[in-house]
2 protein chains.
Amino acid sequence: MSDPSDYKTRDLPAGVRLCEGGVTAVQGFRAGNTSCGIKSEAGTPDLAMLVADRPCVTAATFTTSRTASHIIRVCKEHLAASGQRAQAVVVNSGNANCATGARGYRDAERMAVLTASKLGVDPALVMVSSTGIIGRPLPMDKVEQGIRQIEPVAGGGPDFARGIMTTDTRPKLNAVEFEAAGMTIRLGGATKGVGMMYPNMATMLCYLTTDAAVEPAFLQRSFSAAVDDSFNMINVDHDMSTNDSAFIFANGLAGNEPLREGAPGADQFVAALRYLTRYLAREQARDGEGATRLMIVQVRGARTPADARKAARGVTTSAIWQCAVAGGDPNWGRVIAALGASGAELDPDKLDIALGDVLVVCSGMGASYEQAAAKQAVAGPDVYVNINLNGGGHEATSWGCDLTHGYIDENATYTR
Amino acid sequence: MSDPSDYKTRDLPAGVRLCEGGVTAVQGFRAGNTSCGIKSEAGTPDLAMLVADRPCVTAATFTTSRTASHIIRVCKEHLAASGQRAQAVVVNSGNANCATGARGYRDAERMAVLTASKLGVDPALVMVSSTGIIGRPLPMDKVEQGIRQIEPVAGGGPDFARGIMTTDTRPKLNAVEFEAAGMTIRLGGATKGVGMMYPNMATMLCYLTTDAAVEPAFLQRSFSAAVDDSFNMINVDHDMSTNDSAFIFANGLAGNEPLREGAPGADQFVAALRYLTRYLAREQARDGEGATRLMIVQVRGARTPADARKAARGVTTSAIWQCAVAGGDPNWGRVIAALGASGAELDPDKLDIALGDVLVVCSGMGASYEQAAAKQAVAGPDVYVNINLNGGGHEATSWGCDLTHGYIDENATYTR
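Bear in mind that the values here come from a model prediction, so they are computed numbers and not experimental data.

A.B. asks: In this structure, what is going on with the overall build of chain A? I would like to understand it.
C.D. replies: Scanning chain A from terminus to terminus reveals 12 helices and 15 strands. On C-alpha atoms alone, chain A measures out to a radius of gyration of 21 Å, which is about the 22 Å that the 2.2 N^0.38 rule sets for 416 residues. Each principal axis of the C-alpha atoms in chain A carries an extent, and together these give about 70 × 55 × 35 Å. In chain A, of all internal contacts separated by at least 6 residues, the share reaching a separation of at least 24 is 80%.

A.B. asks: Looking at this model, I keep getting lost on the interface of chain A and chain B. Mind explaining?
C.D. replies: How big an interface is tends to be stated in terms of the accessible area lost upon association of its parts. Residue-level contacts link 54 residues of chain A with 54 residues of chain B. The biggest single contributor to the side of chain A that touches chain B is helix H10 (residues 333-341) of chain A, with 8 residues. Residue composition of the side of chain A that touches chain B, by class: 26 nonpolar, 21 polar and 7 charged.

A.B. asks: Help me understand helix H7 (residues 266-286) of chain B in this model?
C.D. replies: Spacing of three or four residues puts side chains on the same side of an α-helix, whose turn is 3.6 residues. For H7(B), with 21 residues, the first-to-last C-alpha span of 30 Å sits near the 30 Å given by 1.5 Å per residue. Within H7(B), 16 of the 21 residues are buried, leaving the element largely enclosed by the surrounding structure.

A.B. asks: In this structure, what is going on with the sheet that holds strand S13 (residues 365-366) of chain A? I would like to understand it.
C.D. replies: Sheet strands pair by backbone hydrogen bonding; their relative direction is either parallel or antiparallel. Residue and element names in this part refer to chain A. Spatially, 6 strands are ordered S13-S12-S11-S14-S10-S15 in an open sheet, and the strand pairing comes out mixed. Of all the strands in the sheet, just S13 and strand S15 (394-401) have a single pairing partner and so form its edges. Direction of pairing for strand S10 (residues 294-302) relative to S15: antiparallel, over a ladder of 7 bridges. Paired with isoleucine 296 across the two strands is tryptophan 399, which belongs to S15. Most of the contacts of helix H8 (residues 305-316) go to S15, to which it runs at about 20°, and overall it touches S10, strand S14 (382-388) and S15.

A.B. asks: What should I look at first to understand the domain arrangement of chain A in this one?
C.D. replies: Residue and element names in this part refer to chain A. Under the domain assignment, chain A is made up of domain 1 (13-286) and domain 2 (294-412). Inter-centroid distance (C-alpha atoms) of domain 1 to domain 2 is 31 Å. Each side of the interface is counted separately: domain 1 has 13 residues, and domain 2 has 15 residues. In the side of domain 1 that touches domain 2, the residues fall into 6 nonpolar, 4 polar and 3 charged.

A.B. asks: Hey, could you run me through the relation of the copies chain A and chain B in this one?
C.D. replies: To go from the first copy of the chain to the second, apply a rotation about an axis and then a shift along the same axis. When chain A is fitted to chain B, the residual RMSD is 0.0 Å, and the transformation amounts to a turn of 180° plus an axial shift of 0.0 Å. What we have between these two chains is a two-fold relation. Residues of chain A ranked by C-alpha distance from the rotation axis are headed by His405(A), positioned 2.7 Å from it. The overlap is high: 100% of the interface residues of chain A also sit at the interface in chain B, so the same surface is used on both sides.

A.B. asks: Please clarify how helix H3 (residues 101-119) of chain A should be interpreted in this entry.
C.D. replies: Residue and element names in this part refer to chain A. In a regular helix each residue adds 1.5 Å, so 19 residues correspond to 27 Å; H3 covers 28 Å between its end C-alpha atoms and thus fits that length. Every buried residue belonging to H3 is among Gly104, Asp107, Ala108, Met111, Ala112 and Thr115, and all of these are buried. The buried residues of H3 occupy one face: seen down the axis, they fall within an arc of 135°. Set apart from the buried face of H3 by more than 90 degrees, the exposed residues are Ala102 and Ser117. Where H3 is buried, its residues contact strand S3 (47-62), helix H2 (70-82), strand S4 (85-95), strand S5 (126-133) and helix H4 (140-149). At the exit of H3 stands glycine 120, carrying a positive phi of roughly 70°.

A.B. asks: Please clarify how unusual backbone geometry should be interpreted in this entry.
C.D. replies: Excluding glycine, most residues fall at negative phi; most peptide bonds, likewise, are trans. Look at Ser363(A): it is not a glycine, yet its phi comes out positive at around 55°. Considering the arrangement of structural elements, one finds Ser363(A) in the loop between strand S12 (358-362) and S13.

A.B. asks: Could you clarify how one ought to interpret the pairing of strand S9 (residues 245-250) of chain A in this entry?
C.D. replies: Note on strand geometry: in a regular strand, side chains alternate between the two faces of the sheet. All names here are of chain A. Burial analysis of S9 places 6 of its 6 residues in the buried class, the great majority of the element. Of the two faces of S9, both are covered, the one formed by Ser245, Phe247 and Phe249 as well as the one formed by Ala246, Ile248 and Ala250. Of the strand pairs in this sheet, S3 and S9 are connected by 6 bridges, and their pairing is antiparallel. Of the residues in S9, the one forming a bridge with threonine 61 is alanine 246. As judged from the 6 bridges shared by strand S8 (residues 205-210) and S9, these two strands associate in the parallel manner. Directly across from leucine 205, in S9, lies its bridge partner serine 245. Since S8 and S9 lie parallel, the crossover through helix H6 (residues 216-228) that links them has a hand, and here it is right-handed.

A.B. asks: What should I look at first to understand the packing of helix H8 (residues 305-316) of chain B against helix H10 (residues 333-341) of chain B in this one?
C.D. replies: When two helices pack together, their arrangement is given by the angle between the helix axes and by the axis-to-axis distance. Residue and element names in this part refer to chain B. Between H8 and H10, the shortest axis-to-axis distance is 8 Å and the interhelical angle comes to 135°. One way to sum up the angle between H8 and H10 is to call them oblique. The element H8 and its partner H10 pack so that their crossing is right-handed. From H8, Ala311, Gly314 and Val315 reach across to H10, where they touch Val335, Ala338, Leu339 and Ala341.

A.B. asks: Would you mind showing me how to read the packing of helix H9 (residues 319-326) of chain A against helix H12 (residues 405-412) of chain B here?
C.D. replies: Between H9(A) and H12(B), whose axes approach to 8 Å, the crossing angle comes to 70°. By the angle class used here, H9(A) and H12(B) are roughly perpendicular. Judged by residue contacts, Ile320(A), Cys323(A), Ala324(A) and Ala326(A) of H9(A) engage Ile408(B), Asn411(B) and Ala412(B) from H12(B). Its residues assigned to classes, the contact of H9(A) with H12(B) comprises 6 nonpolar, 1 polar and no charged.

A.B. asks: For this particular structure, what's the right way to read the environment of Asp239(A)?
C.D. replies: Mapped onto the elements, Asp239(A) comes out in the loop between H6 and S9. Taking the C-alpha atoms as reference points, Asp239(A) and Thr317(A), 78 residues apart in sequence, are found 9.8 Å from one another.

A.B. asks: What is the right way to look at the sheet that holds strand S13 (residues 365-366) of chain B in this model?
C.D. replies: Strand order in the open sheet formed by 6 strands is S13-S12-S11-S14-S10-S15 (chain B), and the pairing between neighbours is mixed. In this open sheet, the two edge strands, each paired with only one partner strand, are S13 and strand S15 (394-401) of chain B.

A.B. asks: Sorry, what's going on with the environment of Gly83(B) here?
C.D. replies: Looking at the secondary structure, you find Gly83(B) in the loop between helix H2 (70-82) and strand S4 (85-95). Placed 16 residues apart in sequence, Gly83(B) and Thr67(B) show a C-alpha to C-alpha distance of 26 Å.

A.B. asks: Explain the environment of Asn251(B) here, please?
C.D. replies: All names here are of chain B. Note that asparagine 251 resides in the loop between strand S9 (245-250) and H7. Each C-alpha atom of the pair asparagine 251 and leucine 173 lies 19 Å from the other, and the pair is 78 residues apart in sequence. Residue contacts for asparagine 251: discarding those within four places in its chain leaves Gly28, Ala52, Asp53, Arg54, Cys56 and Asp211.

Reading the values: the criteria
- The residue count restarts for each chain, going from 1 along the sequence in the order it is written.
- The order in which chains are written sets their letters, starting at A; the order in which ligands are written sets their numbers, starting at 1.
- Reporting in this predicted model follows two pLDDT cut-offs: at least 70 for local features of residues, and 80 or more for side-chain atom pairs to be given and counted; totals over whole chains, interfaces and linings ignore these cut-offs and use all residues.
- Strands are runs of DSSP state E lasting at least two residues, helices are runs of H or I lasting at least four, and both sets are numbered from the N terminus onward.
- We compute the radius of gyration over the C-alpha atoms and compare it with the globule rule, which gives 2.2 Å times the number of residues raised to the power 0.38.
- Here, residues touch in the contact sense if the C-beta positions derived from the backbone fall within 7 Å of one another.
- Asp, Glu, Lys and Arg are counted as charged, while Ala, Val, Leu, Ile, Met, Phe, Trp, Tyr, Cys and Pro are counted as nonpolar; the rest, among them Gly, fall into the polar class.
- One less than the number of residues in a helix, times 1.5 Å, gives the span that helix is expected to have.
- Buried means a residue has 20 or more other C-beta atoms within 10 Å of its own C-beta, exposed means 12 or fewer, and partly exposed covers the counts in between; C-beta atoms are placed from the backbone.
- The pairing criterion is simple: DSSP has to find at least two bridges between the two strands.
- Lines fitted to the C-alpha atoms define the axes, with helices restricted to the stretch that makes contact. Angles between their N-to-C directions range from 0 to 180 degrees.
- An automatic or database domain assignment provides the domain bounds reported here.
- What sets the superposition is a least-squares fit of C-alpha atoms, and only residues with pLDDT of at least 70 in both copies go into it.
- Taken from the helix axis, the directions to the C-beta atoms give the arc we talk about.
- The definition of a right-handed crossover adopted here requires that, viewed with the strands pointing away, the path from the first strand over the helix to the second runs clockwise.
- Here the word oblique covers every angle except those under 35 degrees (roughly parallel), over 145 (roughly antiparallel) and from 65 to 115 (roughly perpendicular).
- Take the far helix as your reference; a near helix turned counterclockwise from it by less than a right angle gives a left-handed crossing, and one turned clockwise gives a right-handed crossing.

Here you go:
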């Protein structure tokens, strides 16, 4: 699937403009990738680095897995030691450095130390990410060589986005800008997916940059809210990863008065952040392993925000409905079943469901509709499932994809 | 996959013997099936009936779905009206009678009334089950004809098991007997799977019969406990159905003193019930849609029973690990990830994991093992994942299957 510009402009807030370059669209950031042999295919990028010219106010969210990778512990310890500040992140792909014992922790720490020493910064200002196969020790000689040879540059955002990929079929990046009190503020981002994807508190790997000056508490609060409504609302296979991490680095170079609740530009910053995280999350779902269709589930009329979220995620996580979407089969009974199993409070006799704009369920029963139109609604690259619970005023959106032979092929022999 | 006798004798408790005939292995029960055109393939059985010669003490568990089929309401109302007694169950396959509005409720009630009138019993003594496509009204003319023409007979247990099938590749039935205080007590059962399978409080459809006299409260308690450790521990696709129902009918013809806590034979009854429900649950997992391998996940050393259950189910429900099992890939990192995401309390550095008898993870890290032996352990029809959390004294078993092209093919165009 290509990336028609429609995906980028969809939901772009008023006053927010697109920019090119991903994480390095923002002044004061450099990035790049290199190939050091962690992945078996020669020449494939497997190490990436993002560097800020100065320490950044940093917010982050991490996986809630009980078997989290050692990188999660290292990042949390560093953020605590630095007072929620960071200046660089080093990422390897091809190896998750998870279930690797005490050695895994030492290796993650060593990645930070080597990066800090290359850049001449405090190791506590370095974040570490790893993604790939679980259970194998990092080949530290290769990692070390990679850190030595990588050259982050001002235009390196697209390379950075490529360097963090595993089974992704394309890099995922975007950037935006807006004016606040006469200053131009930019945000850029890169992310990767695309299997073991049912984030809870974070996504697989996501890095956002901004030149806004932002108060730390406001940054963490805005970022957590944005992550909740974006990365925490996507599904590929209902599997949560051990390495999910999402970061935003704010270097303050825009020169604005630090953003906080009510400050000039704060609302626009939140809107731009929301747009960017939702764009990147949708791209992750669209590039789900084996996916041929993006599924957008919009729930309205829920009694509580939690019910809206449960209902929306319940539909994107239904494997049997994902198969129907793969087959272009408007078998909406499975949407009903998924809603019933989702844990959301609902009255089954009040449910309205439309596939695209074809109303297929009205008041909990099959509506009269053209079968051909319903088939058409699930036959394209974007499948919209619009649900009204008719039980309150809350809504939520979840993004998913279809379940195809491609997903199974990708995952049946991953370690071979 | 055939049903080698090993599956039947596995875990058979001491003093419990196998019998032939499924639900009609038990005296005083008749059963059968017929074809009345609910399914499109001519001659395929799509209506089944199980009849007791007298009212039975009855225990049941049902789906917890918020969009449950009308049959669930009818069964609950009838059991309340009859004082937890039943004498017959009528089952149609091919149509779930769910999301069919007020008409669906009337149709389910009418199935009971027609059956009651055929048998000359009170409609409140009739249970109703439906399974198949969601969202289409029942073709009541065909159902009515089926109820008229069906002839339950004493040897009809195997036909009954065939009559309730949807995408099952084979009928699932079994029966056992044991001696209690000089009396012989039998239990028989039939069940069906095999998609939209992640039961919670019940299975898809399951019917057990026994000639034991059993006190109602003891029957419900024993049955609920057995269901919790069997049907509620299987997974095919993490989708809970709208129609899950499980019943046990006890007609008392064995002439024993009614079973209750501590009565002669009560412990053996519980053991036989546990064997039978676990056997049938395992058969459901083994016949999961598209399945080529049965997965048996055994968790020991959990801090609480709930942690053991969460950990075991977490592994059978991991789609990405199910794919690895399909590919015969001993990619145990995904077991680690699934355990971490399961919600079970655990210390990642204490995990031991064996595939079959090949120890692949020791104290949370890769053990040294022969790769060929590990591959062998996931290459056969039964894949054992033995997990020790080393954190307490509780254990649980969950049954699942691999995820293959077959599952997707089965579900991509189900309504076409």
